[in-house]
Amino acid sequence: MPNADELTTTVRIDVLLEALPDPAFVCDNETPRFIAVNQRAIDKYGYSRAEFLKMNLANLSTPEDAVRLKKRLEDSGDDAKVQERCVHHHANGDMINVDLSLCIIEQEGKQLMLVVARDASLKPGAGSQIRLLETSLERLSNIVIITEAGDIESPAPRIVYVNDAFVRRTGYSREEVIGDSPRFMQGVNTQRKELDRIRNALKEKRPVRAELINYTKSGEEFWVELDISPIANSSGKVTHFVSVERDITGRVSVMQELAESKARFRAVAEAMSDIVWDWDLKNDTIWWSKSYTTVFGYTLMEPDSDPETSWLKRIHPNDRQRISESITFAIENNKRHWQETYRFVHNDGHEVPVAQRGSVILDENNNPVRFVGGLVVLNEQDKTTPRLQQIATRMTRQVELVQMLASSSQESEKDLLMLITAAAQSLLDADGAVLGIIQGDNLSYVAAQGIGVSRRDTVVPITDERSSPAIDKGNTIICDDVETEDRWDVQSWRDAGVQSAIISILQGADQPVAVLEVLSKTKGTFSEEDVRSMELFAQSASAILQRRQLEMRLRDAQRLQSLGQLTGGIAHDFNNLLTVILGNADSLSAKFADDPEISQISNLTKAAAERGAALTSRLLAFARQQPLDPKSTDLNKLVSGMDDLLRRTLGSNIEVEFIRGAGLWNALIDPVQLESALLNLSINARDAMPDGGKLIIELANAHLSEDYANKEEEVLPGQYVMVAVSDMGTGMSPETMSRVFDPFFTTKAPGKGSGLGLSMVFGFIKQSRGHIKVYSEVGEGTTVRLYMPRATPYAATESAFSSEPEIRSHVKILLVEDDDLVRGHILSQLRTLGYTVVEARNGREAIEAVRQISDIDLLFTDIVMPGGMSGKEVAAEVHKLRPAIRVLFTSGYTQNAIVHGGRLDPGVNFISKPFRQVDLERKINQILSDDSG
């Protein structure tokens, strides 16, 4: 584990480089070739990261500056800090005046040079420095809180700053917390001891690190690892405290689960008559079951004892060296099968002959971490030896099976469940085994071995008065004779020739997830020892399943994040191109309407561009990055308005039935995207009914309880409006259901579907803070239920506007767009529509135009532009000069200044690239006809 100094060096090099407010580089001190640069350097100099890493510091400087800088470095020595004014080259050939600060740092024994380049032409004052520092802090993923260093007791230190990470994690806005004490985040489980320790440190004005339970605005409990540092002014007086806090809820949860698993193991071991031991090799502590005290008469002062004192020193002196060497050899050679017999000295001095067996457990790097096993007194050698051998063989086999499961590389959950089933059968040397997944009120058997194979892919109810309580209690059940069993539904056992069985429940994070049944063709096969073995095995299998589920969730989250980054990266340029292509295709269609050949070409171009735009939109929807405009929406009205569209799209062989909800609440949803989602689901339903059938769209109010929300992912309890789309089609198998939301996964023939329909619906509903649930059975059809949050009385509602054309020659539009190709195209579109247009390439030109032209009606601006001003900043400056000017934003980016959490800021007018001329005309008409301004 790295020490504090190594961690500090790593943070400086790998993390804080990005947090510096100026362009910064890390160079090899010998060449000096760049080995790392921050994003500000890339933005400032115009080179890509790959180009930088092929350059050295001299490549940026003039020859004169390079010679002077090299001499300064040679004269200053390794420990000095050099500051120098230089002229650097931009990638486009421009010259940049910079103030360089250079110093030597070390990483892993190698000397590196840190170079910070501040733009000398800017000469920022204190205000600029604060803005740069705030920008750096806002980019951190960790929570940052700055408080005054007032009286620690009363009044408590007041918050003067929090960053975006604080707002995102806690749910509190800056306005709610500035001026308040951080104590409002404490709750019933916040550790008083830690609070006292922190308070004492702050009283003494010294740094402190702690792990603490805090609470979000919604009452959610979360763990943070915090570092609080005092900040002093120039006179040395501490004026503020800075707290950097990292969310460690996931780590704490895993540690708690491990502790609970360890506690369950020890509880089962305590129930055994034999002595069980567990040696933690990393901490060099050993745990003994209570039988140790009963058999040998020693009192263990601590639950986890010193191995030397509680074991090795109590071995008979004539046996001690032999056993000690044998133990050392077993650990050093990772022995899975270790056994010895020797004499243990009782507390009253007499010798106790014992037999001991154990196994070394390895971590993921094949390093020994634990040594576990059992010890049996050899009072009656002839009777005990066979039993000892049986116990040792069982324990060794159990360790091997658990290690095999833990190290399994099986990707699919079903394959892992098959391994667990086979391992359970092997552990008890049984005739068969089956494993059923708990799905609502049913038990779906997905894995089977031996005589249990006939039950694979069957589904049975678990709501009867016998099986349901057994699952709820989570106890292991032994059945000696199925003919007399009254605690479990055993009819399927009889059909398979099963005479006796053991049933164990596999636990998830907070509830049972599966039932594991080990089967025998003989009555009375299983013993109480088998029950204890199955309990231990079920606990290990549960922990492995939970870990695999966490890994799968992490991979899914990383895949979604990667897809979002990919789509966000290409969306801007791709959508700009599609805007021009779509617009030119529209112009060609209108201008050459009478020419069939040109019309056909323009229509093909338009269709291809629209497919590209739809593909980008669906990818963004799945990645939850499309800009949404949620409104208070009457879903009865929305679905009724889709009646004609659905009937035309689905065809005459599909009967459509609407079941509208009485007293239906309004939903807070983007109505345009919801129509697209319902159309997607309806088309999927049609394709599942190739011979025709019935489609039912049902609406109702719904309340999702806290119990239900806890069982689902990313679901909040509360009131929702539900839309269910049901068909009577072919249905889906469990394998298909497990991948139903995967992007590009489809069961349709090639060319018949992109595989993005359901994934788009999934991303849209999740981004809208809703919930989606799919129910399907092969041959019975499918139901997809969409749950959308109920709208509050204050939510914006859908607005109607006149689409009648205005007297456009009197309307003057200021167009701001940095891309020459796109600007020229939009300029042509607006003039074709009859508007008077003033164009600007950047924010500076736009501000100057507003100063000179007094009758501008509408600012139409791109959001993300080079040159130092975003579209949002341009709009703010324009409103300072002319408050009456209305604003329409456009962008091809998925994340920008007016979209937060995937939702448009309130009151913002936005049209997403690519757009067609008819869409632009409608949007401008809506803005200009809105009396609210």
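As annotated in an unreviewed UniProt entry, the protein chain is histidine kinase from Hyphococcus luteus. Taken from UniProt, the Catalytic activity (unreviewed entry) comment for the protein chain reads in full: "ATP + protein L-histidine = ADP + protein N-phospho-L-histidine."

### As for the overall build of the protein chain
Helix and strand content of the protein chain: 29 helices and 36 strands. Counting over 933 residues, the protein chain shows a buried share of 44%. Of the contacts formed within the protein chain by residues at least 6 apart in sequence, a portion of 58% connects residues at least 24 apart. When the accessible surface of the protein chain is split by element, carbon and sulfur atoms take 50% of a total near 47500 Å².

### Regarding the side chain of Ser632
Structurally, Ser632 is set in strand S23 (residues 631-633). A polar side-chain atom of Ser632 sits 3.1 Å from a polar atom in the side chain of Asn666.

### Considerations on the packing of aromatic side chains
Applying the stated criterion across every chain yields a total of 20 aromatic pairs. Measuring from centroid to centroid gives 4.8 Å for Phe25 and Phe34, while their planes differ by 25°, and the two rings are stacked. A relative accessible area of 0% means that Phe25 is categorised as buried. Centroid distance Trp288 to Trp311: 5.9 Å. Interplanar angle 85°. Geometry classified as edge-to-face. Taken together, the residues span a long stretch of sequence, with Trp288 in strand S12 (residues 285-288) and Trp311 in the loop between helix H12 (307-310) and helix H13 (317-332) at a distance of 23 residues.

### A closer look at the sheet that holds strand S10 (residues 238-247)
Taken together, 5 strands build an open sheet; the order of strands is S7-S6-S10-S9-S8 and the sheet is antiparallel. This sheet does not close on itself; its edge strands, each paired only once, are strand S7 (159-162) and strand S8 (208-215). Here the strands of the sheet are splayed against their neighbours by 25° on average, with no regard to which way each runs. Examined bridge by bridge, strand S9 (residues 221-232) and S10 share 9 bridges and lie antiparallel to one another.

### Remarks on the UniProt feature "modified residue: 4-aspartylphosphate" (unreviewed entry) in the protein chain
UniProt annotation of "modified residue: 4-aspartylphosphate" (unreviewed entry) refers to Asp862 when read in the numbering used here. Along the chain, the position of Asp862 falls in strand S32 (residues 858-862). We classify Asp862 as buried; its relative accessible area is 0%.

### A short note on the sheet that holds strand S29 (residues 781-789)
Spatially, 5 strands are ordered S24-S26-S27-S29-S28 in an open sheet, and the strand pairing comes out mixed. Looking along the sheet, the strands with just one partner apiece sit at the ends: strand S24 (654-659) and strand S28 (771-777). Put simply, the sheet's adjacent strands are angled 15° from each other on average, direction ignored. Pairing analysis gives 6 bridges linking S24 to strand S26 (residues 693-704), with the strands arranged parallel. For Glu655, the partnering residue across the bridge sits in S26 and is Lys694. Where helix H21 (residues 643-650) meets the sheet, its contacts fall on S24 and S26, and the angle it forms with S24 comes to roughly 155°.

### As for helix H26 (residues 820-832)
Given a rise of 1.5 Å per residue, 13 residues ought to cover 18 Å, and the 18 Å separating the end C-alpha atoms of H26 matches this to within 8%. Looking at H26, one finds that the buried residues are Val822, Arg823, His825, Ile826, Leu827, Gln829 and Leu830. The residue sitting at the N-terminus of H26 and contributing the capping side-chain oxygen is Asp819; that oxygen lies 3.1 Å from the backbone nitrogen of Val822. Looking at the residues trailing H26, positive phi occurs at Gly834, about 100°.

### Some words on the pairing of strand S5 (residues 110-119)
As paired elements, strand S1 (residues 24-28) and S5 share 5 bridges and run antiparallel to each other. When the bridges of S5 are listed, Val26 appears paired with Leu114.

### Brief notes about the environment of Val244
With respect to the secondary-structure elements, Val244 resides in strand S10. Note: C-alpha distance between Val244 and Asn142 (102 residues apart in sequence) is 6.6 Å. Val244 has contacts with Asn142, Ile143, Val144, Glu225, Leu226 and Asp227, leaving out every residue within four places of it along the chain.

### Some words on the nonpolar core
Soluble globular proteins tend to pack their nonpolar side chains together in the buried interior. Counting residues in each nonpolar core, the largest one holds 36 residues, and the members touching the most others are Leu635, Leu674, Leu678, Val761, Leu786 and Met788. Sorting elements by how many residues they give to this core places helix H25 (residues 757-767) first, with 6 residues. The contact partners of Leu786, leaving out residues within four places of it in the chain, are Leu674, Leu678, Leu681, Val721, Met722, Val723, Val761, Ile765, His771 and Ile772. Ala424, Leu428, Ala430 and Val531 belong to the second-largest nonpolar core, a separate cluster that totals 26 residues.

What counts and how
Residues numbered from 1 in each chain as written. Predicted model: local features only at pLDDT ≥ 70, side-chain atom pairs only at ≥ 80, totals over all residues. Heavy atoms only, no water. UniProt positions renumbered as here; feature names shortened; annotations may be inferred. Helix = DSSP H or I, 4+ residues; strand = E, 2+ residues; numbered from the N terminus. Buried < 20%, exposed > 50% of the residue type's maximum accessible area, 1.4 Å probe, protein only. Contact = heavy atoms within 4.5 Å. Areas by Shrake-Rupley, 256 points an atom, 1.4 Å probe, with all protein chains shown as cover. Polar contact = N/O pair within 3.5 Å; in protein donor to acceptor, adjacent residues only side chain to side chain. Phe/Tyr/Trp six-rings, centres within 6.5 Å; stacked < 30°, edge-to-face > 60°. Pairing = 2+ DSSP bridges. Axes fitted to C-alpha atoms, helices over the stretch in contact; angles between N-to-C directions. Expected span 1.5 Å × (residues − 1). Core = buried A, V, L, I, M, F, W, Y, C linked by side-chain atoms within 4.5 Å.

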